[in-house]
Amino acid sequence: MTDFSIVIRSLFARRTLTLLTVATVAVAAGLMLVLLTLRDAGADAFRRGPGTTHLYVAAEPSPLTAVLNGIFYANPPRNAMPWAKYRQIAESFPWEWAIPTQLGDSYRGMPVVATTRDFLTRFQPDLSGRWRFAEGRPFEANFEVVLGAEAARRSRLKLGDAIILTHGSPGSRGGDVEHHSHEHDEFPYLVVGILEPTGTPHDRALFTDLESSWILHAHDRRHHADPSVTMTALEDLLDEDRLITGIMLRLPTRPGSNVSPAMQQQFDALRRDTSIAVAQPEQQIDRLFAIVGSIDRLFIALAATTLVGGAISILLVMTGAMELRRRQIAVLRVLGFSRPRIFSLVVTESAVIGLLGAAAGVVLGVLGMVIASEALRSTLGLVIPAEPRLPWILIVSACTVALAALAGIAPALTAYRQPVAGGLRGVD
Amino acid sequence: MIRPAPSETAVVAASPALSIRELRFRYGRSPGDGAPFELDLPELSLAPGEQLLLAGKSGSGKSTLLQLVAGLLDPDAGSIRVAGVEVHALTGPARDLFRGRSIGMIFQTFQLLSGFTAIENVMLAMLAANLPRAEHRPRAAALLRALGIDRPDRPVDRLSVGQQQRVAVARALACRPALVLADEPTASLDPENAANAMTLISAACRDNGAALLVTSHDPAMADRFERRITLEARRAEDPEALAR
């Protein structure tokens, strides 16, 4: 028998009320945890997306749109650039690499990135490392495709499978898939590689070579002109078929550094070309966060308010319990419990409710994160880990317990001040 | 039978279990003019192991006196010593701890804590008095066994009234107190059970070396005690003290 046993017994004695209070606190703590974790994980996912890209060029109306569509695959880009533009930009400066990309096709709603092998061998999706293959290898020949980790998980494809791509994507050109997309069953693609997860939007994409994509679209053009055309090859391509939607650029840097002194100069030089939008992805992401920052703060404030509401419910429950426990407190005082000891029993009881609420909140938070991460993965393509981060778990738990203990102070003071005689019945 | 440890017996033998001098205390309100009552007790002493009945009508100040002795109320004047210690010279947690260790209390309605078992109720007293934890369970079990409780792990709410009273007695004796204060312990019982209960309390205190101060307004109890005093309520302005 310890003082803590008294606390536990007291909570157990009014277990229904205790459970309801714990549930209230748990929902608040869980919500807070989900929001904080989502905020960080979302920010990380956004910051990882551009990887080692310094500049992104597209024919989109704004740099932010270019980054969202070209790197985060929010929507298929609306405008394309000729291959000559890529050559012009690639040759304008000794870039470390200049990687062309073309977006617009899809597989079961997942974006297909037509690009060069450099995308998988030189571009790094994350500053901390290169692509890693779970299975297989990069594409080498035409009509070979590599799957991002999430794309592989969702499609359940394996090495050696053949797939048919859809020309057009859900949401392309107004999102009318029925009217603007069709399948290229003449050109099956062979799955040759599956990538490890990177925690970036690239995980839900498929990667293939540019020439195959050009052939696909050239075939459309030729078949439209002459329905008897059944096959198209590299030799049939015209300049108008050789289109790209974006160029990822990296300037030379010193080993171990991601910063180039020539960045601003090249950025300004490219911006003189009014036919393209030039974006520094990191700046655009900061801009995006600035736009959504107030909403983000609103959510955190709401969650904090919920947490404070949880603490207030503890305060009310504990205050109500004090009325019912006047006799118990009086008996404990008679037995020799001092006022400070009674005070600490009540505060501990309140803190235990907070602790139980925090623990249940972490469980709810984990469940919430699983649901939220799945929803974000399927709707926005944001791949974020479902596990709440340990620092947030510790901070939210500590805040919950501290708030609960704080909420226990007022009823503890009531117990502290309670005269013993008044709490004992049968006293004349 | 539980007997006090030899060292404690020595302390108890050295001083009266209770010694009151020139005690004055105003309490309550007269229903007529709202003037306070006054408790005025020039002298009262209780030797170690001695038993005394404090008789008087309701409102005469019996329970108030017990609360003064227990240090739950502070007197307006006078001295109260329990086992040689001036109770009201102690303050705060020291007084609470002294009460837990030296004074046992038994109430009319037992005041056992529901949600706890019989043995836990007894152990709570030892916990309050900060006695070594290893002693709690064996001593509580021995006390309950001696008082005829054969199922000490049963919640007190499921015990009969008679068993609850035994648990209350065991709790009062748990810390080997020098003095047990019993406040109307038989008031809610029929005459036969009241007699049995008082026999139990009296014997248990005697067996454990504790002095006993019992309040009762039941005239039938008077014959059971060799020493008894009667308290009568008086208004504060009444010049005569009525403690006899």
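Everything that follows concerns the structure shown earlier in this document.
Basis of the calculations
What you see as residue numbers is a count from 1 along each chain, following the sequence as written. Note on labels: chains are lettered from A, ligands numbered from 1, in written order. Two thresholds apply to this predicted model, a pLDDT of at least 70 for residue-level local features and 80 or more for giving and counting side-chain atom pairs, whereas whole-chain, interface and lining totals are computed over all residues. In computing side-chain values, all of the structure's heavy atoms are included and hydrogens and water are not. In DSSP terms, a helix is any run of H or I states spanning at least four residues, a strand is any run of E spanning at least two, and both are numbered starting from the N terminus. Contact definition: two residues touch when any of their heavy atoms are within 4.5 Å. Should DSSP find at least two bridges between two strands, the strands are regarded as paired. The axes are straight lines fitted to the C-alpha atoms, using for helices just the contacting stretch, and the angles between their N-to-C directions are given from 0 to 180°. Note that a disulfide, as used here, is simply two cysteine sulfur atoms within 2.5 Å. In this description, buried area is defined as the sum, over both parts, of the accessible area (probe of 1.4 Å) that is lost when the two are combined. One side-chain nitrogen of Lys or Arg within 4 Å of one carboxyl oxygen of Asp or Glu is enough to make a salt bridge. Buried, partly exposed and exposed residues are distinguished by accessible area as a fraction of the type maximum, computed with a 1.4 Å probe on protein chains only: under 20%, between the cut-offs, and over 50%, respectively. Within 6.5 Å between ring centres, the rings of Phe, Tyr and Trp (the latter by its six-membered ring) count as paired, and their orientation is classed by plane angle as stacked under 30 degrees, edge-to-face over 60, tilted in between. Either the NZ atom of lysine or the CZ atom of arginine qualifies as a charge over a ring when it sits within 6 Å of the ring centre and within 35 degrees of the ring normal. The term nonpolar core refers to a set of buried residues drawn from Ala, Val, Leu, Ile, Met, Phe, Trp, Tyr and Cys, joined through side-chain atoms within 4.5 Å.

Novice: Mind laying out the environment of S10 of chain A, listing which residues take part and the relevant values?
Specialist: When you line up the elements, S10 of chain A lands in helix α1 (residues 3-13). Apart from the residues lying within four places of it in its own chain, the contact partners of S10 of chain A are R325 and E349 of chain A.

Novice: So what about the sheet that holds strand β6 (residues 103-107) of chain B? Which residues, and what values?
Specialist: All names here are of chain B. What the 5 strands build is an open sheet, ordered β6-β7-β8-β3-β9; its pairing is parallel. Only two strands of the sheet have a single partner each, and these edge strands are β6 and β9 (227-230). Neighbour-to-neighbour, the strand axes of this sheet turn through a mean angle of 15°, independent of strand direction. Inspection of the sheet shows strand β3 (residues 51-55) paired to strand β8 (residues 211-216) by 5 bridges, in the parallel sense. Across the sheet, residue A55 finds its bridge partner in β8, namely S216. Most of the contacts of helix α2 (residues 62-69) go to strand β7 (residues 179-183), to which it runs at about 150°, and overall it touches β3, β6, β7 and β8.

Novice: Which residues make up the state of the cysteines, and what values do they have?
Specialist: In the structure shown here, the tally under the stated rule is 0 disulfides over all chains. C175 of chain B provides the cysteine sulfur closest to C205 of chain B, a residue in no disulfide bond, and the two sulfurs are 14 Å apart.

Novice: Quick one: what's the story with the interface of chain B and chain A, residue by residue and with numbers?
Specialist: Across the boundary between the two partners, chain B contributes 35 residues, which contact 25 residues of chain A. Note on chain B versus chain A: buried area summed over both sides is about 2500 Å², and carbon and sulfur give 58% of it. Of all residues in chain B, Q111, L113 and L127 of chain B bury the most surface against chain A, accounting for 21% of the area lost on that side. Viewed at the interface, chain A and chain B are joined by 2 salt bridges. Where E120 of chain B meets R9 of chain A, a salt bridge forms, and the shortest distance between an N and an O atom there is 2.5 Å.

Novice: Tell me what's going on with unusual backbone geometry, and back it up with residues and numbers.
Specialist: Working note: non-glycine residues mostly have negative phi, and peptide bonds are mostly trans. Positive phi outside glycine occurs at F143 of chain A, with the angle close to 60°. Mapping F143 of chain A onto the fold places it in the loop between β5 (133-136) and β6 (144-147). Given the relative accessible area of 16%, F143 of chain A is considered buried. Backbone geometry at E22 of chain B places phi at a positive 50°, although glycine is not the residue there. You can call E22 of chain B exposed: its relative accessible area is 53%.

Novice: Please set out the packing of aromatic side chains residue by residue, giving values where relevant.
Specialist: Residue and element names in this part refer to chain A. Within this structure, the stated rule accounts for 12 aromatic pairs over all chains. Among the aromatic side chains, those forming a connected cluster through ring pairs are W97, F119, F123, W131 and F207. Across from the ring centre of F12, 4.4 Å away, lies the NZ or CZ of R15, which sits over that ring. Between R341 and the ring centre of F337, over which it is positioned, the NZ or CZ distance is 4.2 Å.

Novice: Outline the nonpolar core, listing residues and values.
Specialist: Ranked by internal contacts, the top residues of the largest apolar core, which has 73 residues, are V122, L124 and V167 of chain B. If one sorts the elements of this core by residue count, helix α4 (residues 118-128) of chain B sits on top with 9 residues. Leaving out residues up to four positions away in the same chain, L124 of chain B has contacts with M1, I6, L332, L335 and F337 of chain A together with L113 and F116 of chain B. Counting residues in hydrophobic clusters, the runner-up holds 42 residues, among them A59, Y107, Y189 and I276 of chain A.

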